[in-house]
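Structural description and commentary
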Amino acid sequence: MKKLEDNYQIFFYLVLIIIFFKVFIFYDHYPYHDEITTFDRYLEWHRVFRKDAPNNHFILSVIGILTKYIFGFNFLVLRFISFVFFILISLYFIKNFKNFYLILIFFLIIFSSKSIFNYSYVFRGYYLSSFLSVLIFIDLLSIYIYKNKKNLKITFLLCFLLFAHSLYTLYIVAPVLFVTFVNSLNIRKFYKYFLEFFVYFFIPTIIIIYLNIFVTGFAEKFSGNLNIDFILNNFLLVLKESFEPGFKAIFLNDYVSQNNSSLLSSFANNAVSLFRSDFTIFCILLTALIISLIKSYMKKIDILDKIVISFFIFYLLIGREPFLRVYVGIIYFFIFYIFFNIPDFKIPKKKYFKIVYLLVFILALFNIQPSRNNQEVKSQILKIDKSNLTCEEFNSFLDDYEIWVLINFYQDKCYYYWDGKKNVLGSTKINNLYKKRFNE
């Protein structure tokens with residue numbers, strides 16, 4: 001056991017390799033509906049700034065477009081992007097918490113939550129945002145706790161990337177900006193704070209938001225003329241008419257609008273719902289809250305504790321229950337926070353206890369499996385795969401939803417065009433109306 005503890009890095013690299021094999025070698029991958037929607041709406045440069053429901057995870061879409069042009073459209077390559085960020089988060093944890101048994105607990109936490117584990121290999125941006133939130137945590141740690149840095153440029157830049165990525169990241173971005181702003185007033189460095197905030201967060205954020213509004217509004221208002229020539233020939237009209245529908249689609253849709261419950265009632269309902277949906281995530285957030293309140297009571301509160309408390313205040317004020325997957329996009333900030341506040345972790349020195357602890361971990365590692373309950377489009381994919389039909393024959397064999405899945409999941413299989421009511425498939429480019437998703 002002593003040799004194993006001393007060589008913990010090699011052991012956990014092996015753990016990551018085992019997880020990779022279990023996910024990408026021994027598991028049949030079928031997409032979520034949201035992944036198909038992303039393939040349809042966002043994986044082209046002229047669409048990448050569009051934001052609507054389901055909300056475009058912007059940075060992931062940019063990376064997805066780049067991989068599409070390098071490797072072609074490859075579903076497993078796209079899914080591997082999230083897994084890369086899972087690996088990076090794990091490596092950061094191993095590097096920062098150099099305790100064999102703490103790292104065991106870290107992976108056991110991941111294994112204990114279906115949501116946390118299963119989104120590590122899905123082409124959605126939750127692991128990317130969690131990785132950025134970890135970088136923010138580490139940067140704040142370096143600035144305020146270890147005093148190794150003197151400015152917030154990197155933090156502001158990371159906050160900009162998070163907010164540009166998706167609106168749900170405000171759950172982390174808003175508390176970080178608020179607490180660092182208040183701190184700048186307390187230490188009388190507001191001018192420096194404002195300058196860095198303006199250059200590294202505010203200006204790039206305004207530019208991205210306006211592009212989001214413009215592109216989304218254009219897609220909403222001029223759905224029959226989605227081309228560059230129409231924009232160039234009608235620029236002022238598009239500029240004027242796109243703002244309102246774009247703003248409503250992004251900021252006033254059903255996913256972000258306020259509910260009618262009282263704040264405390266909504267907060268309590270959210271807590272109960274989270275407790276029932278994912279006990280692990282509930283315990284992580286509750287533990288972080290308890291730690292921050294205890295440190296506040298003991299007057300040992302630091303900037304990270306204030307951010308955690310501000311998160312819960314912000315969560316309370318929003319009064320809206322997030323989707324369970326939204327927590328995955330921020331949860332690693334709180335995991336790192338909890339472990340940072342754990343004193344030097346020691347387990348009983350008796351050898352049998354250590355062996356039992358390790359065996360429990362190995363058992364959990366080999367029992368963890370990607371969920372087969374979340375393969376939302378499996379039946380449609382199997383129906384397409386098992387049939388040996390031409391593209392024309394698919395028109396009568398598949399329903400409208402299945403044709404939409406085929407167009408976006410098998411992007412180089414059939415030509416298609418929209419006849420005003422439905423997509424029509426063809427084996428060849430019969431006329432200029434026909435196109436392939438891969439070649440758009």
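Reading the values: rules and limits
Residues numbered from 1 in each chain as written. Predicted model: local features only at pLDDT ≥ 70, side-chain atom pairs only at ≥ 80, totals over all residues. Heavy atoms only, no water. Helix = DSSP H or I, 4+ residues; strand = E, 2+ residues; numbered from the N terminus. Rg over C-alpha atoms; globule rule 2.2 N^0.38 Å. Buried < 20%, exposed > 50% of the residue type's maximum accessible area, 1.4 Å probe, protein only. Contact = heavy atoms within 4.5 Å. Core = buried A, V, L, I, M, F, W, Y, C linked by side-chain atoms within 4.5 Å. pLDDT = per-residue confidence, 0-100. Disulfide = S-S within 2.5 Å. 1 Å grid on protein atoms, 1.4 Å probe; cavity = no way out; pocket = protein on both sides within 12 Å on 5 of 7 lines; lining within 4 Å. Points joined across faces, edges and corners; volume = space filled by probe spheres on them. Pairing = 2+ DSSP bridges. Axes fitted to C-alpha atoms, helices over the stretch in contact; angles between N-to-C directions. Parallel < 35°, antiparallel > 145°, perpendicular 65-115°, else oblique. Nonpolar A, V, L, I, M, F, W, Y, C, P; charged D, E, K, R; others polar. Salt bridge = Lys/Arg side-chain N within 4 Å of Asp/Glu carboxyl O. Patch = residues over 30% accessible without salt bridge, like charges linked within 9 Å, V, L, I, M, F, W, Y side chains within 5 Å. Areas by Shrake-Rupley, 256 points an atom, 1.4 Å probe, with all protein chains shown as cover. Lys, Arg positive; Asp, Glu negative; His and termini not counted. Charge placed at Lys NZ, Arg CZ, Asp CG, Glu CD. Arc of directions from axis to C-beta. Phe/Tyr/Trp six-rings, centres within 6.5 Å; stacked < 30°, edge-to-face > 60°. Lys NZ or Arg CZ within 6 Å of the ring centre and 35° of its normal. Expected span 1.5 Å × (residues − 1). Bend = angle between axes of the 7 residues up to and from the residue.

**A short note on the overall build of the chain**
On a plain count of helices and strands, the chain comes out with 22 helices and two strands. Computed over its C-alpha atoms, the radius of gyration of the chain comes to 24 Å, within 12% of the 22 Å expected for a compact globule of 440 residues. In terms of overall dimensions, the chain has C-alpha extents of about 75 × 55 × 40 Å along its principal axes. Put simply, the chain has 440 residues, and 51% of those count as buried. For the chain, the share of sequence-separated contacts (at least 6 apart) that also reach a separation of at least 24 residues comes to 71%.

**A few points about the nonpolar core**
Of all hydrophobic cores here, the largest spans 130 residues; its most connected members are Phe 12, Ile 19, Phe 107, Tyr 332 and Phe 334. In terms of residues, this core owes the most to one element, helix H8 (residues 126-145), which gives 13 residues. With sequence-adjacent residues up to four places away left out, Phe 12 is seen in contact with Ile 94, Phe 100, Ile 103, Leu 104, Phe 107 and Phe 361. Phe 214, Phe 222, Phe 230 and Ile 231 belong to the second-largest nonpolar core, a separate cluster that totals seven residues.

**A look at the confidence of the model for the chain**
Averaged over all residues, the pLDDT of the chain is 89; the fraction at 70 or higher stands at 93%. Confidence, expressed as mean pLDDT per element, reaches its minimum in the chain at helix H1 (residues 2-6) with 69 and its maximum at helix H18 (residues 331-340) with 97.

**Focus on the state of the cysteines**
By the definition in use, this model includes one disulfide. Here Cys 391 connects covalently by a disulfide to Cys 414, the sulfurs 2.0 Å from one another. On the S-S bond that ties Cys 391 to Cys 414, the torsion sits near -90°, and the link is left-handed. Highlighted residues: Cys 391 in helix H21 (residues 391-397) and Cys 414 in the loop between helix H22 (400-409) and strand S1 (415-418), separated in sequence by 23 residues. Assessed through its relative accessible area of 4%, Cys 414 is described here as buried.

**Describing empty space enclosed by the protein**
Counted under the stated rule, the structure contains one cavity of 30 Å³ or more. Taken as a whole, the largest cavity encloses approximately 50 Å³ of empty space. Lining the largest cavity are Lys 51, Phe 163, Ala 164, Leu 167, Ile 208, Ile 209, Asn 212, Ile 250 and Phe 251. Those elements giving two or more residues to the lining of the largest cavity turn out to be helix H9 (153-165), helix H11 (190-221) and helix H13 (235-251).

**Some remarks on the pairing of strand S2 (residues 423-426)**
Of the two faces of S2, both are covered, the one formed by Asn 423 and Leu 425 as well as the one formed by Val 424 and Gly 426. Alignment of S1 against S2, held across four bridges, turns out to be antiparallel. Its bridge partner being in S2, Tyr 417 is matched across the sheet by Val 424. As consecutive antiparallel partners, S1 and S2 are separated by four residues, and within that stretch Gly 420 has a phi angle of approximately 105°, a positive value.

**Considering the packing of helix H10 (residues 170-186) against H11**
H11 packs onto H10 with a crossing angle of 155° between their chain directions and a minimal axis gap of 8 Å. With respect to H11, the axis of H10 lies roughly antiparallel. Note on element contacts: H11 touches H10 through Phe 190, Tyr 193, Phe 197 and Phe 201, opposite Val 173, Leu 177, Thr 180, Phe 181, Ser 184 and Leu 185. For the contact of H10 with H11, a count of residues per class yields eight nonpolar, two polar and no charged.

**Considerations on the packing of helix H2 (residues 8-24) against helix H19 (residues 351-367)**
Running from amino to carboxyl end, H2 crosses H19 at an angle of 25°, the nearest separation of the two axes being 10 Å. The angle between the axes of H2 and H19 places the two elements in the roughly parallel class. For the pair H2 and H19, contact is made by Phe 11, Phe 12, Val 15, Ile 18, Ile 19 and Lys 22 and by Leu 358, Phe 361, Leu 365 and Phe 366, respectively. Tallied by class, the residues present in the contact of H2 with H19 amount to nine nonpolar, no polar and one charged.

**Examining the pattern of salt bridges**
Counting across every chain of the model gives 10 salt bridges. What you see here is one network of salt bridges that share partners, running through Lys 295, Asp 302 and Asp 305.

**What about a positive patch on the surface?**
Among the surface-exposed residues, Lys 150, Lys 153, Lys 189 and Lys 192 lie close enough to one another that they form a single positively charged patch. Its location among the elements puts Lys 192 in helix H11.

**Focus: helix H20 (residues 378-386)**
All of the buried residues along H20 are Gln 380, Ile 381 and Ile 384. One side of H20 holds all its buried residues, which, seen down the axis, span an arc of 100°. Of the exposed residues in H20, those oriented more than 90 degrees away from the buried face are Ser 379 and Lys 386. Contact partners of the buried residues in H20: H21 and H22.

**Focus: the packing of aromatic side chains**
For the coordinates displayed, the defined rule picks out 72 aromatic pairs. On the numbers, 6.2 Å between centres and 80° between planes, the contact of Phe 137 with Phe 340 is edge-to-face. Here the residue Phe 137 occupies a position in helix H8, and Phe 340 occupies one in helix H18, the gap between them amounting to 203 residues. For Phe 340, a relative accessible area of 23% gives the class partly exposed. Sitting over the face of the ring of Phe 323, Arg 325 holds its NZ or CZ atom 4.4 Å from the ring centroid.

**Let's talk about the side chain of Asn 212**
Its place among the elements puts Asn 212 in helix H11. Assessed through its relative accessible area of 4%, Asn 212 is described here as buried. In contact with Asn 212, other than residues within four places in its own chain, are Phe 49, Lys 51 and Ile 250.

**Overview of H13**
In this model H13 runs 24 Å from its N-terminal to its C-terminal C-alpha over 17 residues, within 8% of the 24 Å that 1.5 Å per residue would give. At Ser 242, H13 shows its maximal bend, which comes to roughly 40°, and the proline Pro 245 appears one to four places after that position. Of the positions making up H13, those classed as buried are Val 238, Ser 242, Gly 246, Ala 249 and Ile 250. Summarising the contacts, the buried residues of H13 are in contact with H11 and helix H12 (228-233).

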